[in-house]
Amino acid sequence: MLLSEKAGTSTSHGKTFTNFNGRQSADSRSIRTISSSHMDDESSLGSDSEMNGFTNDRHTDKYGFIGGAQQYSEESAQDVPPEVLRQREVKWLDMLSNWDKWMVKRHKKVRLRCQKGIPPSLRGRAWLYLSGGKVKREQNRGKFEELDSQAGDPKELDVIEKDLHRQFPFHEMFVSRGGHGQKDLFRVLKAYTLYRPEEGYCQAQAPIAAVLLMHMPAEDAFWGLVQICEKYLPGYYSAGLEAIQLDGEILYALTRRVSPITYRHLEKHKIEPILYMTEWFMCAFSRTLPWASVLRVWDMFLCDGVKIIFRVGLVLLKCMLGTREKLNACQGQYETMELLRTIEPRYMQEGFLVREVLDVPISERDVESEHHVQLKRWRKNRGELHWKSPPRMHGARAIMASEPPSRQDLRQNPTIIVESPLPAPQLQKREKKGKEEKKSIKKESMKKTPPVTEIPNPYNLPGDPQLPLRDPQLPLRDPQLPLRDPQLPLRDPQLPLRDPQLPLRDPLLPLRDPLLPLRDPLLPLRDPLLPLRDPLLPLRDPLPQLPLRDPQPTLRDSPAQKPLVNDTPLQNTLKDSHLPQQPALNDQPALNDQPVFNDQSLLKESPLQMSRQSLSSTEADHQDTYL
């Protein structure tokens, strides 16, 4: 990286990783060290002479940094109440004990809890499960010890030893030369060079391994480093750094979607993404952000994959170059690079950064689609990639799906083993007694439990037999019991039916108002100007009369059938003609005072014909009267 003449470099097998912050180291910039002097590349950041300033004041913060090395990390950290931490620890312990079920069925809940922050006491174990390092370690038992016992390549080891003191020199774990932190870091990096000899060692792997060692033992940190290099960031640390350059082009294209102003400014001044994003991505922001933000970013990164790294980079670019006021302050390439080197602390604050990262609309699909576009462009302009890296896994769920673990691989091993002072035979006797006591307790509990009585279902199903509403053998009531007590009267005889003093009605009130007439005498009974009928209307319908009956005989008119009146058989038939005639209702004579017809008379003259004749005679009488 050609950023300035002060940039320090470290090479290994043709791979170059440059300290992005120029002469002032990334540790001193991101951690805000007390010493502000610029040091030579040959000087040791972790030497005893540099640590003399901390001998008088060895105050260590909650992250393990000495002497205020993280002076703005405490301000940016969000203090979680202890009771909330205890609740989160209980939830995470439950998830870790049933990790496969949670990842398959409730992965969204796992993601949400990672976004809230993993409890510090369980962060190392959770990282190991999220990255798949736990399964990798169980499937390769004894592999790390085997690699650790080997000598390794002297050239690789020499480069590793030179980089040990540069990794978080103000952390209590790596503060002293030859301390346990630097020794474990050397073991992990040497084992990786033996595990992947074709890839070898890259300087950017050291801060990744150091962050893991702050939270877990050396063997777990080794397998975590393997998973990050192979699953999360494949090809980042290979010869030529082709993968990081390709992701730089992806970041550049995504910037156009998230912040067009920033994209146009970078394009105007021809600032390549490899100039400002190399350390961000290769070190996973461990040398850029304050430590509280680093931990929160890693919690989400190990859960959701590299899209979190892209989102953090986009947030920093948007905050530093996304407004006109910011762009007015940097009119050239040098000013823009200086602005990106010194990011304002407020944009890196834990709460602000996490909220902004979650709001960036970039998903795994967006990263992969842009990856295919940039890969085609790369092949068109530069040819095929020299390093064939494995496919990238986007998060813990994808890693678990690619390598399904067994239940034994996810079993949690105790981190602290306490040896009992009792000999083995006594321990076996105690275990046998304990098992026998448990069995006896189970038997007693089985005996004491009362039998469960089945309660019939009051709502029968269609297939169930129909039960009677009551027992037919039981009488409706007891016949020996009277309907009521005969000694009790129906009512009290001393009480009258009504109060005799109250009259039936008020005699002072008349039945009606005598002043009101029965009707209005001024109104005539009818309007004398209106005639009784319209003289223009004929007395009858001039249309020809309908036939009295259907000429075609029907079943009703057949002589074999009984004559009917109003759909009821006649009472006085030929058989009953000798019986006296019954009078009509209300002692009135029958209709038209005509005798009941027999079958022959009904056929000759029907009641309908008789009614028409009577109606016509009546109308004629009225006509004569009117005339």
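All of these numbers come straight from a predicted model, not from anything done at the bench. (Residues numbered from 1 in each chain as written. Predicted model: local features only at pLDDT ≥ 70, side-chain atom pairs only at ≥ 80, totals over all residues. Heavy atoms only, no water.)

**Some points on unusual backbone geometry**
So, point 1. At F168, a residue that is not glycine, the phi angle is positive and equals roughly 45°.
So, point 2. Note that F168 resides in the loop between α9 (154-163) and α10 (180-195).
So, point 3. A positive phi angle, close to 60°, is found at F285, a residue other than glycine.
So, point 4. Structurally, the position occupied by F285 is in the loop between α15 (274-282) and α16 (291-304). (Helix = DSSP H or I, 4+ residues; strand = E, 2+ residues; numbered from the N terminus.)

**Overview of the state of the cysteines**
Disulfide: a covalent bond connecting the sulfur atoms of a pair of cysteines.
So, point 1. Using the criterion set out here, one finds 0 disulfides in the structure.
So, point 2. A disulfide-free cysteine, C114 has its sulfur positioned 3.9 Å from the sulfur of C303, the nearest such atom.
So, point 3. Taking relative accessible area as the criterion, C114 reaches 1% and is therefore assigned buried.
So, point 4. Just so you know, C283 is unpaired, no disulfide at all, and the nearest cysteine sulfur is the one on C202, 8.5 Å from it.
So, point 5. The class of C283 is buried, set by a relative accessible area of 0%. (Disulfide = S-S within 2.5 Å. Buried < 20%, exposed > 50% of the residue type's maximum accessible area, 1.4 Å probe, protein only.)

**Brief notes about the packing of aromatic side chains**
So, point 1. Counted by the stated rule, this structure contains 17 aromatic pairs.
So, point 2. Their ring planes at 80° and their centres at 5.0 Å tell us that F281 and F310 sit as a pair that is edge-to-face. Residue F281 is found in helix α15, and its partner F310 is found in helix α17 (residues 307-321); the two are separated by 29 residues along the sequence.
So, point 3. Residues W298 and F301 carry aromatic rings whose centres are separated by 6.4 Å and whose planes lie at 70° to one another, so their mutual orientation is edge-to-face. (Phe/Tyr/Trp six-rings, centres within 6.5 Å; stacked < 30°, edge-to-face > 60°.)

**Quick look at the pattern of salt bridges**
So, point 1. The final tally for this structure, using the stated rule, is 25 salt bridges.
So, point 2. Note that D304 is salt-bridged to R111, the shortest N-O span being 3.1 Å. Here D304 is found in helix α16, whereas its partner R111 is found in helix α5 (residues 107-116), with 193 residues between them in sequence.
So, point 3. Judged by its relative accessible area of 27%, R111 is partly exposed.
So, point 4. Residues D366 and R257 are paired through a salt bridge, measuring 3.5 Å at the closest nitrogen-oxygen approach. Of this pair, D366 sits in helix α21 (residues 364-382) while R257 sits in helix α13 (residues 242-258); the two residues are 109 residues apart in sequence, bridging distant segments of the chain.
So, point 5. Taking the relative accessible area as the measure of exposure, R257 reaches 45% and is therefore partly exposed.
So, point 6. Each of K134, R137, E138, R141 and D220 takes part in salt bridges that share partners, so that together they form one network. (Salt bridge = Lys/Arg side-chain N within 4 Å of Asp/Glu carboxyl O.)

**A few points about empty space enclosed by the protein**
The rolling of a water-molecule-sized probe over the atoms marks out the regions of remaining empty space.
So, point 1. Inspection of the entire model under this criterion finds 4 cavities of 30 Å³ or more.
So, point 2. Taken as a whole, the second largest cavity spans an internal volume of roughly 130 Å³.
So, point 3. The wall of the second largest cavity is formed by 15 residues, among which Y129, G132, V135, I399 and M400 lie closest to the centre.
So, point 4. Mapped onto the lining of the second largest cavity, the elements with two or more residues apiece are α4 (99-105), α6 (123-131), α7 (133-139) and α22 (396-402).
So, point 5. Looking at the lining of the second largest cavity, its residues break down into 10 nonpolar, 2 polar and 3 charged. (1 Å grid on protein atoms, 1.4 Å probe; cavity = no way out; pocket = protein on both sides within 12 Å on 5 of 7 lines; lining within 4 Å. Points joined across faces, edges and corners; volume = space filled by probe spheres on them. Nonpolar A, V, L, I, M, F, W, Y, C, P; charged D, E, K, R; others polar.)

**Topic: the confidence of the model for the protein chain**
So, point 1. Residue-level pLDDT values for the protein chain average 75, and 68% of them are 70 or greater.
So, point 2. When pLDDT is averaged over each element of the protein chain, helix α11 (residues 205-213) comes out on top at 96 and helix α1 (residues 26-30) at the bottom at 36.
So, point 3. In the model, residues 618-627 has pLDDT below 50 throughout and makes 4 contacts with residues more than four positions away in sequence or in other chains. (pLDDT = per-residue confidence, 0-100. Contact = heavy atoms within 4.5 Å.)

**Side note on the packing of α6 against α16**
So, point 1. Contact geometry of α6 with α16 gives a least axis separation of 8 Å together with a crossing angle of 30°. In terms of their interaxial angle, α6 and α16 are classed as roughly parallel. Between α6 and α16 lies a crossing of left-handed hand. Residue-level contacts link R123, W127, L130 and S131 of α6 to L295, W298, D299, L302 and C303 of α16.
So, point 2. The residue makeup of the contact of α6 with α16, split by class, is 6 nonpolar, 1 polar and 2 charged. (Axes fitted to C-alpha atoms, helices over the stretch in contact; angles between N-to-C directions. Parallel < 35°, antiparallel > 145°, perpendicular 65-115°, else oblique. Left-handed = near helix turned anticlockwise from the far one by under 90°.)

**Things to note about the side chain of D299**
So, point 1. For D299, the position within the fold is in helix α16.
So, point 2. Looking at D299, the relative accessible area reads 0%, which means it is buried.
So, point 3. Excluding residues that lie within four positions of it along the chain, D299 makes contacts with C114, G117, I118, R123, W127 and L130.

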